[in-house]
Amino acid sequence: MIPVRPSKIIGIGRNYAAHAKELGNEMPEVPIIFFKPPTALIGSGDTICLPSVSQRVEFEAEIGVVIGSRVREANLEEAERAIGGYVCVNDVTCRDLQKVDGQWGRAKGFDTFCPVGPSVASGLDWRSLEIIGRVNGTERQRARSGDMHFPIPDLIRFLSGIMTLEPGDLIATGTPAGTGPLADGDIVEVEIPGVGILSNPVRGVAR
Ligand code: ZN
């Protein structure tokens, strides 16, 4: 089951300094944003399909913010009030295509590249969320929302100055350090304590 039906899925690039560093990137002065198509959504338990055109597909465990009320040109207070809840997101990415393309639409836009779930949780404090990524039971990523370069209300304020955010819209707030490749037969998990565990099997050509 897919717990959100966003009109748009907005991704944030390089929002954790340690992840930018591991890819050899500088931190941006304003948030880097990109879109994933709603057709990329799958729910917990659904299969991530590795496209044969890529030699390196990576997981990215992320805190997903679901917009609760329509917001445009928000200040920080209005931005915080527009948060409807939180959900685990895996921003699956073809790292090789991301590098050669420059634009990230292809690398992040394949069908099944936006696992989201298991359900949307509300009533949590954006300051004290934790994000954990695991592959085959081994922890690969762990960070706190306090480690974000641009905190969640700042992201909503910034985005709402560009585009109207509608109820159900999904913001993938960036991934911490520790991303890595996925292979056929893997099980990848994204956990936010208090929200739940998003778990997806991986299918594709053996490498
Ligand atoms: Zn990401």
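Relevant structure appears above.
Residues numbered from 1 in each chain as written. Predicted model: local features only at pLDDT ≥ 70, side-chain atom pairs only at ≥ 80, totals over all residues. Heavy atoms only, no water.

## A closer look at the overall build of the protein chain
Phase 1: Within the protein chain one finds five helices and 15 strands.
Phase 2: With the principal axes as the frame, the protein chain shows a C-alpha extent of 50 × 35 × 30 Å.
Phase 3: For the protein chain, the share of sequence-separated contacts (at least 6 apart) that also reach a separation of at least 24 residues comes to 77%.
Phase 4: Carbon and sulfur atoms provide 49% of the accessible area of the protein chain, an area that totals close to 8,800 Å².
Phase 5: Here the protein chain contributes 21 positive and 26 negative side-chain charges, whose respective centroids are spaced 2 Å apart. (Helix = DSSP H or I, 4+ residues; strand = E, 2+ residues; numbered from the N terminus. Contact = heavy atoms within 4.5 Å. Areas by Shrake-Rupley, 256 points an atom, 1.4 Å probe, with all protein chains shown as cover. Lys, Arg positive; Asp, Glu negative; His and termini not counted. Charge placed at Lys NZ, Arg CZ, Asp CG, Glu CD.)

## Remarks on helix α5 (residues 152-160)
Phase 1: All of the buried residues along α5 are I152, P153, L155, I156, L159 and S160. Each buried residue of α5 lies within a common arc of 160° when the element is viewed along its axis, so the set occupies one face.
Phase 2: Where α5 is buried, its residues meet β1 (9-13), β2 (32-36), β6 (61-67), α2 (76-81), β7 (83-90) and β12 (170-172). (Buried < 20%, exposed > 50% of the residue type's maximum accessible area, 1.4 Å probe, protein only. Arc of directions from axis to C-beta.)

## Structural notes on the sheet that holds β12
Phase 1: Read across the open sheet, the seven strands follow the order β2-β1-β12-β6-β7-β9-β3; overall the sheet is mixed. Bordering the open sheet on either side are β2 and β3 (41-42), each of which pairs with just one other strand.
Phase 2: Pairing between β3 and strand β9 (residues 114-121): two bridges, direction parallel. Within the sheet, the bridge partner assigned to I42 lies in β9 and is P115.
Phase 3: Packing of α5 onto the sheet brings it into contact with β1, β2, β6, β7 and β12, and relative to β6 it is tilted by some 55°. (Pairing = 2+ DSSP bridges. Axes fitted to C-alpha atoms, helices over the stretch in contact; angles between N-to-C directions.)

## Notes on the environment of G105
Phase 1: Tracing the backbone shows G105 in helix α4 (residues 105-109).
Phase 2: On the basis of relative accessibility, which here comes to 44%, the residue G105 falls in the partly exposed class.
Phase 3: Expressed as a C-alpha distance, the spacing of G105 and T93, which sit 12 residues apart in the sequence, is 9.8 Å.

## Some remarks on unusual backbone geometry
A negative phi holds for most residues other than glycine; trans holds for most peptide bonds.
Phase 1: With an omega dihedral of 0°, the bond running from G117 to P118 counts as a cis peptide bond.
Phase 2: Phi is positive for R14, which is not a glycine, with a value near 55°.
Phase 3: With respect to the secondary-structure elements, R14 resides in the loop between β1 and α1 (17-22).
Phase 4: We note that N136 has phi near 50°; this positive angle belongs to a residue other than glycine.
Phase 5: Mapped onto the elements of the fold, N136 is located in the loop between β10 (130-135) and β11 (138-144).

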